[in-house]
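Results of the structural survey
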Amino acid sequence: MKILEARGIRKRFGGVVALSDGNLGAQEGRITGLLGANGSGKSTMSKIIAGVYSADAGEVWYNGRVVHYGNPHEARADGIAMVYQNLSLVPNLTVWQNIVLGAEEKTGPFLNNRQAREHARAIVDDLLPGLDVERIVDGLSPGEMQIAEIAKAISKRPRLLILDEPTAALELAQVKSLFLHMRRLAGQGIAIVFTSHRLWEVMEICDDTVVFRNGQTVATLDLEKDGRDPAKIIGYITGETARVAQAAYHRRENRNAAILRVTNLAQGTLLREISFALKKGEILGIGGLAGQGQRELMLALAGFYPDITGHVELDGRRLRLTSPAEAVRNSMLLVPGDRESEGLFLRHSLFSNIVFPKLGVRHYPLLTPFGKFREECRRTVDTLSIRTTGLDVPVRTLSGGNQQKVVVGKWLSFDTRVLLLSDPAKGVDVGAKRDLYDYITRRVREDGMSVILYASDNQELVDYCDRVMIMYEGRVVAILEGESITTDKIIESSMRVDSVREGAGDAAHH
Amino acid sequence: MMSLFSLDRGGWLFKVYDRNKKLLAAVAAIALIFVAGQFVVSSFLSLNQVLITLKLASFIALFSLCQMIVMAAGGAGLDLSVGYAATITAVFTASVMNGQNSNLWLAVLIALGIGLAVGFCNGFLSAYLKLPSLVVTLAMSQILQGIINVYTAGALITGKPSPVLQILAAKSTGIFPNVVFLLVGVAIVVMVLLYRTRWGATLFGVGENETAAFLSGVNTRRVRTIAFMLSGTFASLIGLLLIGNMGVAFKDMGSDYVLPSIAAAVVGGVSLQGGDGNYVGVILGAVLLQALLNLLVALGWGDAGKWVGFGVVLYALLAAYVSNRRGR
Amino acid sequence: MQPTTRKPRWALSGVARLVVRPEYSSLLILVVMVAVATLLQRNFWSGPSLLLTIDAFGPLILLTMGQAVVLVAGTLDLSCGTALSLYTCILTFVMRTNQPASGVLAILITLAAAVMVGIVNGFAAGYLRVSPVVVTFATSFLWLGIALFLRPTPGGQSVGWFNAFYDFRNVSGLPAAIRSVSSFLPPVLILILLGCVFWYALSRGPMGRYLCAVGGNEESAYRSGINTARVQISAYVINSVFVFLAALFFVGQNQSGDARFGDPFTLRTIAAAVVGGIALTGGRGSIYFAIVGALIIELVNKIIFFANIPYAYGTLVAGAIVIIAIGGSQLYSGYSRRAMTRGRAP
């Protein structure tokens, strides 16, 4: 039975039109997947339905009547709950306090904490047994935070549940568990709207799919009736009818000498005695479960930790990676994992973002050479196919994929010896992802650039890497080569722990 | 004017292509104040008044430069010690100069020394120890005030400024006060430094996103410390101008400038979180505030009215310009 | 299915955790301070001396309690010092010495003014979401102006029974039993206890948690359906009431109002709150530790006094103390934070 029907939704933010014609429907007991590139409007659509934004035009029909929510609280009261992409947890409160936040049970004027705790415990045990609801959210891992977020949304027994990219920070095992739970909720008659960038997820769990492109709904498919054809769906997403053939990166055996040698790199408890070698012209992947130190390794190699210990040699020269300036000077360049907080000056223009690292290079004069820089910037925009209306637009108005290209682009004119990529395709749409990897593989092939690639999506590791290192609890536990680089093997190695356990010390924490 | 960076801000008044509109609005507001003042006091809208306003506003604008640099560097930067930094410089150099030009160079050196020291302390505590600059600079101003108290407890403040300073700060060339020319000169240098040099762009980058700047190889803590050192040094030099203007040094010379300097910067569009700053806007903001102050004094409200009016207008301006209400 | 949650390996044992938390470490510092003060002043613990101490420390304690509330809610009040002066001016402006009833009127009017002050501050900081630093800095001059308007020079009138806010024994009309209470329970202490009771009641209800939530992450709190503007405005109003209580004490003590005497308090309340473990970024801390912080700051001042430092150095030392207090506290809490969570680079 149809519970939600949104038609002709329009929404603009200042000068940017986020939605020009959004249509979305949801039915009780069915899971509807939202697909679309960054900036296609699907996230805005979700937020309008959840009451975070109000539509400029169009109609939202929910549960038998037209609705117009002034804030998310009203929507929640009506039975619409949303699980946000940027979490809505308060970091200094505990899990159970967060779960009941805004809708606490009371006895008279006072809070009934005991009931709240029990309620929270019941929900969390269902989703992730073993997660202590008394823990403060600040200390949780991203995956645990996501679970807490989901628990919070379903604690009010919603009739319509909107999940905005909930799987981004989750392990495969947790994703499967979440899917089971979603099926169960759907079985209870709840309508679910689910967004993800991973096509396989949508195809596996969703009954229907709605595809957004450029602010409009371009396709509504019933996956049972219309079938699950990835190529067709990708076509709707990108608007290209031609088959999106992934420039298959041919794995080659690399007999070159090592350009980077890392011995016993250690940083507190995050990285423990990591040793490996990166060959020249190779793409070395880093895999493993999320949060095992991969991001930290990338940051460490970029000089982020001043108290790092260990021995690092680049091209035969010893490096003291105690500051990013040192890494940049030696052409070991980082594309950070969280572009908004680590890689971009959001309110500044595309031009100043791309030009920024050059400012620190000594031999440029004090007065910035504008003509030269603008020419170089134009070339960067061309090379990476950055979609923008001009060089002076603020980067915060660009889509996620284009923003990521800017982050990569600022190193373009540098003579890169080692490129450190920390989850470059996270939250990036299919087209931009392809552009980025095309560029990277070309640089490797033609210029002999060496790359260390951390990707949270195992498929990327399989598609692009010559070798893959698996990390677990801050150590390298396996190195896969050649034929053994498959998603199954990666997952297997990620989970395998017996060979690295230290013994009694670990008994305390499992 | 092409700048190294262009900006976008949230909030319903702030748009990149509206920036010129905002400056025009400021000019219009200033004109409005003068016209309104004319109704109150017949000589308000006179050339003389305008020139006096410009002169007094110049001092505010100079102090606002300190604030702008520190604010642009990010991390909720503010420098509340500029008032007493100027005062302490005036007090200490008064007897050194003693009404002569011969020791002016020494006075300048002392000013630089004081400013760099104060600025370094502020910067170190704010950038390296990560203490909130609001509290640090406020405490620093108390420390400076305490030093002055100790110094003047035993002795009176003697000495007069060198004639050069008096010409620069108090006198006029033709009808225009010299300090206005100084301001224009400073403004040009500042604009070039901020918008057309590596250093300026680095400063704005650090203010906008310290982590991103750090990962790009910038020593962000050093940049922020230098920003405070510049602010302190400049405030000290303004102290020399203050004594040049007043003819003597006294204990609270600079403290009345602190709030207006911040207000002018905020009204002039400098973001409190960092990452941007337009000195032209700041100067207009200073003129606006000074004109308002003059109007309030002309209304005869005295000390009480001055602060009330000031507080109300600043509150209203903040509400209009800086408010960040939830957009839907 | 094996859960992948793991407790951090560096999780400290129970007792170690307690010591390392910034709040509990402030208790340690307090004990040390009291010990030093006892050593320096022989009669520190004697009845009359203790009363004097409580009376001297009381105002800062009340003000810091108020500041703590706004700090926890994620904002800041730089106008509390001038607001304090303003309330004393209003009180002494309304009261007429020969009309005992005017005291009641004065209290009501001033309380209403305090609520207004809180709303004005809270509206800009919470609803318009202007930076609290600049807003309260601006309003501080607003309160100063109004205070100067009411009381250009210190003075004014106060009714006889108002003294009850300072010392019951000075009020002739009260029965002997109540008057003797003052010898061991000074009124200011009663006010402080009232404040604690109020906070306790608040923390048992939703508002207490909402204050922490809004201070912790305003966006998340909003998305959870909390009216963040209303919560922050409430915080400022509560703060104003604490400042109002301190004003009652001062007028009771001095029978006069002064537009400028409150200025030095502002910075000290912030220092006291930080020393008491309340984060300037919001979300953490409690009013009880604000009391601890205020006690520490006042004890340090007392110790400096007993160490015979000349008066002229007073301001200098005060400023230096603030920096040392906050700097030390920040360093310490930075260390403890690192010990408890993942290590993060500068």
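Since the structure is predicted, the reported quantities are computational estimates derived from the model, not experimental observations. Every residue gets a number counted from 1 within its own chain, in the order that chain's sequence is written. Just so you know, chain letters begin at A and ligand numbers begin at 1, following the order they were written in. Note on the predicted model: pLDDT of at least 70 is required for a residue's local features to be given, and 80 or more for side-chain atom pairs to be given and counted; whole-chain, interface and lining totals, by contrast, use all residues.

**Let's talk about the overall build of chain B**
Rules: Secondary structure counts use DSSP, requiring at least four H or I residues in a row for a helix and at least two E residues in a row for a strand, with both numbered from the N terminus. In this treatment the radius of gyration is a C-alpha quantity, and the globule benchmark scales as 2.2 Å times the residue count to the 0.38 power. With C-beta atoms placed from the backbone, a residue is buried if 20 or more other C-beta atoms are within 10 Å of its own, exposed if 12 or fewer are, and partly exposed between those counts. C-beta atoms are first placed from the backbone for all residues, and any pair lying within 7 Å is then listed as a contact.
Counting its regular elements, chain B contains 13 helices and two strands. On C-alpha atoms alone, chain B measures out to a radius of gyration of 20 Å, which is about the 20 Å that the 2.2 N^0.38 rule sets for 328 residues. By its C-alpha atoms, chain B is 60 × 55 × 35 Å across when sized along the principal axes. Among the 328 residues that make up chain B, the fraction classed as buried is 56%. Put simply, of all contacts in chain B between residues at least 6 apart along the chain, 76% involve residues at least 24 apart.

**Here's the deal with the overall build of chain A**
What chain A contains, in helices and strands, is 18 helices and 22 strands. Against the compact-globule benchmark of 24 Å for 510 residues, chain A has a radius of gyration of 24 Å, which places it among compact chains. Overall size of chain A, expressed as C-alpha extent along the three principal axes, is 70 × 60 × 45 Å. A total of 510 residues make up chain A; the buried ones form 49% of that total. For chain A, the proportion of contacts with a sequence separation of at least 24, taken over those separated by at least 6, is 69%.

**Examining the interface of chain C and chain B**
How we decide: Gly is put with the polar residues, along with every residue not named as nonpolar or charged; the nonpolar set is Ala, Val, Leu, Ile, Met, Phe, Trp, Tyr, Cys and Pro, and the charged set is Asp, Glu, Lys and Arg.
Taken together, the contacts link 36 residues of chain C with 41 residues of chain B. Elements supplying a minimum of two residues to the side of chain C that touches chain B: α6 (132–150), α12 (263–275) and α14 (314–340) of chain C. Top element by residues in the side of chain C that touches chain B is α6(C). It accounts for 13 residues. Its residues assigned to classes, the side of chain C that touches chain B shows 28 nonpolar, seven polar and one charged.

**A word on the environment of A:Lys426**
In this structure, A:Lys426 sits in the loop between β19 (418–422) and α15 (430–447). Along the sequence, A:Lys426 and A:Ile452 sit 26 residues apart, while their C-alpha atoms lie 16 Å from each other.

**Considering the pairing of strand β4 (residues 57–62) of chain A**
Basically, it comes down to this: Any two strands with at least two DSSP-identified bridges between them are counted as paired.
Judged from the five bridges that link them, strand β1 (residues 2–13) of chain A and β4(A) form a sheet pairing that is antiparallel. The residue bridging A:Arg7 from the neighbouring strand is A:Glu59, located in β4(A).

**Things to note about the environment of C:Ile303**
Residues and elements named next belong to chain C. Along the chain, the position of isoleucine 303 falls in helix α13 (residues 287–306). Take isoleucine 303: there are 16 C-beta atoms within 10 Å of it, and that puts it in the partly exposed class. Residues contacting isoleucine 303, with those up to four places away along its chain left out, are Val36, Ala37 and Leu40.

**What about the packing of helix α4 (residues 104–128) of chain B against helix α10 (residues 220–246) of chain B?**
All names here are of chain B. Our working rule: In this description, a line fitted to the C-alpha atoms serves as the axis of each element, helices being fitted only across the stretch in contact, and the angle between N-to-C directions of two axes falls anywhere from 0 to 180 degrees. Less than a right angle of anticlockwise turn of the near helix away from the far helix marks a crossing as left-handed, whereas a clockwise turn marks it as right-handed.
One way to put it is that α4 packs onto α10 with a least axis distance of 7 Å and a crossing angle of 145°. Both α4 and α10 take part in a crossing whose hand is right-handed. Classifying every residue of the contact of α4 with α10 gives 19 nonpolar, 11 polar and two charged.

**Topic: the confidence of the model for chain A**
Residues and elements named next belong to chain A. The following threshold applies: Every residue is assigned a pLDDT by the predictor, reflecting its confidence on a scale from 0 to 100.
Scored by pLDDT, chain A has a mean of 83; 91% of the residues are at 70 or more. Low pLDDT (under 50) marks residues 241–247, which in the prediction has nine contacts with non-local residues, meaning those over four places away or in another chain. Low pLDDT, under 50, characterises residues 497–510; the predicted model gives this stretch nine contacts beyond four residues in sequence or across chains.

**Here's the deal with unusual backbone geometry**
Residue and element names in this part refer to chain A. Positive phi outside glycine occurs at aspartate 315, with the angle close to 55°. You can see aspartate 315 is positioned in the loop between β16 (309–314) and β17 (317–319). For aspartate 423, which is not glycine, the phi dihedral falls at a positive 50°. Tracing the backbone shows aspartate 423 in the loop between β19 and α15. Classification of aspartate 423 by C-beta neighbours within 10 Å gives buried; the count is 24.

**Examining the nonpolar core**
In summary, soluble globular proteins display a tendency toward joint burial of nonpolar side chains. In plain terms, the rule: A set of buried residues drawn from Ala, Val, Leu, Ile, Met, Phe, Trp, Tyr and Cys, joined through C-beta atoms within 7 Å, is what defines a nonpolar core.
Membership of the largest hydrophobic core comes to 364 residues, with the highest contact counts inside it found for A:Leu420, A:Leu453, B:Leu318 and C:Val243. It is helix α11 (residues 228–254) of chain C that provides the largest number of residues to this core, a total of 18 residues. Once you skip the residues sitting within four places of it in the chain, B:Leu318 turns out to touch B:Val266, C:Ala124, C:Val130, C:Val134, C:Val135 and C:Ala138.

**Here we look at the confidence of the model for chain B**
All names here are of chain B. Mean pLDDT over chain B stands at 84; residues scoring 70 or higher make up 92%. Highest mean pLDDT in chain B belongs to α10 (94); lowest belongs to helix α1 (residues 19–40) (75). Low pLDDT (under 50) marks residues 1–17, which in the prediction has 34 contacts with non-local residues, meaning those over four places away or in another chain.

**Section: helix α9 (residues 206–216) of chain C**
Where burial is concerned, most of α9(C) is hidden: nine out of the 11 residues are buried. The inward-facing, buried residues of α9(C) abut α3 (95–99) and β8 (110–111) of chain A together with α3 (47–72), α10 (218–223) and α11 of chain C.

**Focus: the packing of helix α4 (residues 80–94) of chain C against α12(C)**
Residues and elements named next belong to chain C. So the rule is basically this: An angle below 35 degrees is treated as roughly parallel, one above 145 as roughly antiparallel, one from 65 to 115 as roughly perpendicular, and anything else as oblique.
Close contact between α4 and α12 brings their axes to 6 Å; oriented N to C, the two are set at 135°. The angle between α4 and α12 falls in the class oblique. Crossing of α4 over α12 shows right-handed handedness. From α4, Cys80, Gly81, Thr82 and Leu84 reach across to α12, where they touch Asp263, Pro264, Phe265, Thr266 and Thr269. Taken together, the residues of the contact of α4 with α12 break down into four nonpolar, four polar and one charged.

**Things to note about α15(A)**
Think of an α-helix as turning once every 3.6 residues; residues three or four places apart then point the same way. Residue and element names in this part refer to chain A. Spelled out, the test is: Expected helix span is given by 1.5 Å per residue-to-residue step, counting one fewer step than there are residues.
Helix length check: α15 (18 residues) gives 25 Å between terminal C-alpha atoms against 26 Å at 1.5 Å per residue, within 8%. Turning to α15, its buried residues number three or more, namely Val430, Ala432, Lys433, Asp435, Leu436, Tyr437, Ile440 and Val444. Following α15 by one or two positions, glycine 448 adopts a phi angle in the positive range, close to 70°.

**Re the sheet that holds strand β13 (residues 258–267) of chain A**
Residues and elements named next belong to chain A. Sheet architecture is open: four strands sit in the order β14-β13-β16-β17, paired in antiparallel fashion. The open sheet has two edge strands with one neighbour each: β14 (271–279) and β17. On average, adjacent strands in this sheet sit at an angle of 15° to one another, irrespective of strand direction. Looking at chain direction, β16 and β17 are connected through three bridges and run antiparallel. Paired with valine 312 across the two strands is leucine 319, which belongs to β17.

**Topic: the sheet that holds strand β15 (residues 283–287) of chain A**
Residues and elements named next belong to chain A. Taken in spatial order, the six strands of this open sheet run β18-β19-β20-β15-β21-β22, and their pairing is mixed. In this open sheet, the two edge strands, each paired with only one partner strand, are β18 (332–335) and β22 (475–481). Going from strand to strand, the sheet's axes swing by 20° on average, the running direction of each strand aside. Across five bridges, β19 lies against strand β20 (residues 450–454) in parallel orientation. When the bridges of β20 are listed, serine 422 appears paired with tyrosine 454.

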